[in-house]
Amino acid sequence: MDLIERMTGRLPRLLADIEELVSCESPSTDHAALARSSDLVADLGKRHLGVAPERIDVDGRTHLRWRLGDGPTRVLVLGHHDTVWPIGSLTTHPFGVTDGVLRGPGCVDMKAGVVLALHVLAELGVPDGVTLLVTADEELGSPTSRPLVEGEAAGCAAALVLESAGPGGALKTARKGISRYQVRVHGRAAHAGLDPERGVNATVELAHQVLAIAALGDPERGTTVTPTLLSAGTAANTVPATGEVAVDVRARDAAEQGRVDAAMRALRPVLPGARLAVLGGPNRPPMAASASTALFERAVTVAARLGLPAPTSAAVGGGSDGNFTAGIGTPTLDGLGAVGGGAHADDEHVLVDALPARAALIAALIADVLGSGRLG
Ligand SMILES: [Zn+2]
């Protein structure tokens, strides 16, 4: 029986495991929910891999690590079990499979990916030299798991990231770097009717800053600078004393990320008496296409061996932990998880028919990198 047939045989169990995981809600900000979810992932992993994970608790979040075998890690398989969906989302977006489309909060991003990883590693006989890391705060930008991700990736021949596939099942071979800022304005409150001239209007100052910030983007270079959440003031009849705006920056290369960072820090107040504070900075470095070239070529080769269509590649604006592994120089291929769409959106879904071939591709790629020869 070839690898795709074996993975097809696993499909009922794959679906049952995905249902179990999706049914355990795990918003990144809810420690109690994350604790339940990490217990479930640990339990599922023990069932498939025969060993319990190491549990790494950082600031109330539990990350799970399976280091398989005694030797050094050559392949890091990376996933996360947190989602952007708040508790109660199962009521509005229940788990279900209809006409080959699986739905439920966090299914494509990336509970199906975590389940694929467990089945793949089980099918490969729990191979030496692989570490599976499933983190709990990816959707927040990995504030507590970043050192762990980078530490595990260091020196590996490959970091394989099980985030959802791009359009049509594309592998993600480049991701933009991400910076986040909070720009705070300090003005002075005054009565808007009696003596507005005594005030320094934080809303007006923010208006100046928002336009200056939005102008920092460079569409030709793929750099976007987007003012997002904005707030100011305390009452409708008071000159606002304070205000702030959040800023999301995406850039294809480190030079652009640095250019915008310098410009953000060079912002100066326009109104006399106003003060500015710029907090934040670069979060995820860009994942350059060069980090993925060799692994993508391997994926094309193993797909051909399996009789699968050649994978396509996509460069995307969204970040993942692949940005961190590529950032420290580890060859990285992302988008190896489930095929589907609608991550973070109402139409989030997984295409059931694509799961066995995806599992076979991941398994063959891991085996190829480990040098254990042809499979299936
Ligand atoms: Zn994700």
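Counting residues in hydrophobic clusters, the biggest one holds 62 residues, and the most contacted among them are Leu 132, Leu 160, Leu 333 and Ile 366. At 12 residues, the largest contribution of residues to this core is made by helix H11 (residues 355–370). Sequence-distant contacts of Ile 366, that is, excluding residues within four places in its chain, are made with Val 75, Val 77, Val 120, Leu 121, Leu 124, Val 130 and Leu 160. Counting residues in hydrophobic clusters, the runner-up holds 16 residues, among them Val 183, Val 245, Met 264 and Val 278.

Attention now moves to helix H8 (residues 254–265). Relative to the 16 Å expected for 12 residues at 1.5 Å per residue, H8 spans 16 Å between its end C-alpha atoms, a close match to the ideal helical length. Buried residues of H8: Glu 256, Gln 257, Val 260, Asp 261 and Met 264, and no others. Looking straight down H8, one finds its buried side chains confined to an arc of 140 degrees; they lie on one side. Turned more than 90 degrees away from the buried face of H8, the exposed residues are Ala 254 and Ala 255. Next to the buried residues of H8 lie strand S9 (177–186), helix H7 (202–214), strand S11 (224–232), strand S13 (242–251) and strand S14 (275–284). Between the side-chain oxygen of the N-cap and the backbone nitrogen of Ala 255 there are 3.1 Å, and the N-cap of H8 in question is Asp 253.

Turning our attention to the coordination of the zinc ion. In this structure, His 80 (NE2), Asp 109 (OD), Glu 163 (OE) and Glu 163 (OE) serve as the protein donors to the zinc ion, at separations of 1.8 to 2.6 Å. Around the zinc ion, the 4 donor atoms sit at angles spanning 54 to 147 degrees, and that spread fits a shape best called irregular. Summarised as a motif, the one-chain spacing of the donors to the zinc ion is H-x28-D-x53-E. Of this pair, Asp 109 sits in helix H5 (residues 107–123) while Glu 163 sits in the loop between strand S7 (158–161) and strand S8 (171–175), placing them 54 residues apart in sequence. Of the two residues examined, Asp 109 and Glu 163, each falls in the buried class.

Here we come to the sheet that holds strand S17 (residues 340–341). Spatially, S4-S5-S18-S17 is the arrangement adopted by the 4 strands of the open sheet, whose pairing is antiparallel. Two strands close off the open sheet at either side, each with one partner strand: strand S4 (96–98) and S17. Relative to strand S18 (residues 349–351), S17 runs antiparallel, the two being bridged by 2 bridges. Its bridge partner being in S18, Gly 341 is matched across the sheet by His 349.

Turning to H11, a few remarks are in order. Counted at 1.5 Å a residue, the expected span for H11 with its 16 residues is 22 Å, and the 23 Å between its end C-alpha atoms agrees. Counting buried residues along H11, 15 of its 16 residues qualify, which places the element largely inside the surrounding structure. Phi turns positive one or two residues past the end of H11, at Gly 371, with a value near 80 degrees.

Extensive coverage of strand S3 (residues 75–80) is indicated by the burial of 6 of its 6 residues. Both faces of S3 are covered, namely the face carrying Val 75, Val 77 and Gly 79 and the face carrying Leu 76, Leu 78 and His 80. Pairing of S3 with strand S6 (residues 130–135), which is carried by 6 bridges, proceeds in the parallel orientation. What sits directly across from His 80, in S6, is Thr 135.

With that settled, the discussion passes to the layout of surface pockets. Considered as a void within the structure, the largest pocket measures approximately 520 Å³ in volume. Put simply, the parts of the chain that give the lining of the largest pocket at least two residues each are H5, S8, S9, S14 and S17. Partitioning the lining of the largest pocket into residue classes produces 8 nonpolar, 12 polar and 9 charged. Here the second largest pocket is characterised by a volume of approximately 260 Å³. Lining the second largest pocket we find 13 residues, and of these Gly 168, Gly 169, Pro 309, Ala 357 and Arg 358 sit closest to its centre. The residue makeup of the lining of the second largest pocket, split by class, is 9 nonpolar, 3 polar and 1 charged.

Strand pairs in the sheet, formed through backbone hydrogen bonds, run parallel or antiparallel to each other. Reading across the sheet, the 4 strands line up as S11-S13-S9-S14 and stay open at both edges, with antiparallel pairing between neighbours. Looking at which strands have only one partner, the edges of the open sheet turn out to be S11 and S14. For this sheet, the mean angle separating the axes of adjacent strands, direction not counted, is 15 degrees. Of the strand pairs in this sheet, S11 and S13 are connected by 7 bridges, and their pairing is antiparallel. Pairing of Thr 224 across the sheet is with Arg 250, part of S13. Contacts from H7 reach S9, S11, S13 and S14 within the one sheet, and its direction differs from that of S11 by about 170 degrees.

Contact geometry for helix H3 (residues 31–49) and H5: axes closest at 9 Å, N-to-C directions at 20 degrees. The angle between H3 and H5 falls in the class roughly parallel. Remark: the crossing between H3 and H5 carries right-handed chirality. Judged by residue contacts, Val 41, Leu 44, Gly 45, His 48 and Leu 49 of H3 engage Val 114, Leu 118, His 119, Leu 121 and Ala 122 from H5.

In this structure, Gly 187 sits in the loop between S9 and strand S10 (190–191). Residue classification places Gly 187 among the partly exposed residues on the basis of a relative accessible area of 25%. Along the sequence, Gly 187 and Pro 311 sit 124 residues apart, while their C-alpha atoms lie 54 Å from each other. In this structure Gly 187 touches Val 200, Ala 202 and Ala 241, once residues within four positions along its chain are discounted.

About the criteria used
- Residues numbered from 1 in each chain as written.
- Predicted model: local features only at pLDDT ≥ 70, side-chain atom pairs only at ≥ 80, totals over all residues.
- Heavy atoms only, no water.
- Core = buried A, V, L, I, M, F, W, Y, C linked by side-chain atoms within 4.5 Å.
- Buried < 20%, exposed > 50% of the residue type's maximum accessible area, 1.4 Å probe, protein only.
- Helix = DSSP H or I, 4+ residues; strand = E, 2+ residues; numbered from the N terminus.
- Contact = heavy atoms within 4.5 Å.
- Expected span 1.5 Å × (residues − 1).
- Arc of directions from axis to C-beta.
- Polar contact = N/O pair within 3.5 Å; in protein donor to acceptor, adjacent residues only side chain to side chain.
- Donors = N, O, S within 2.8 Å, 3.2 Å for Na, K, Ca; no water.
- Tetrahedral: all angles 85-135°; square planar, octahedral: opposite > 155°, others 65-115°.
- Pairing = 2+ DSSP bridges.
- 1 Å grid on protein atoms, 1.4 Å probe; cavity = no way out; pocket = protein on both sides within 12 Å on 5 of 7 lines; lining within 4 Å.
- Points joined across faces, edges and corners; volume = space filled by probe spheres on them.
- Nonpolar A, V, L, I, M, F, W, Y, C, P; charged D, E, K, R; others polar.
- Axes fitted to C-alpha atoms, helices over the stretch in contact; angles between N-to-C directions.
- Parallel < 35°, antiparallel > 145°, perpendicular 65-115°, else oblique.
- Left-handed = near helix turned anticlockwise from the far one by under 90°.

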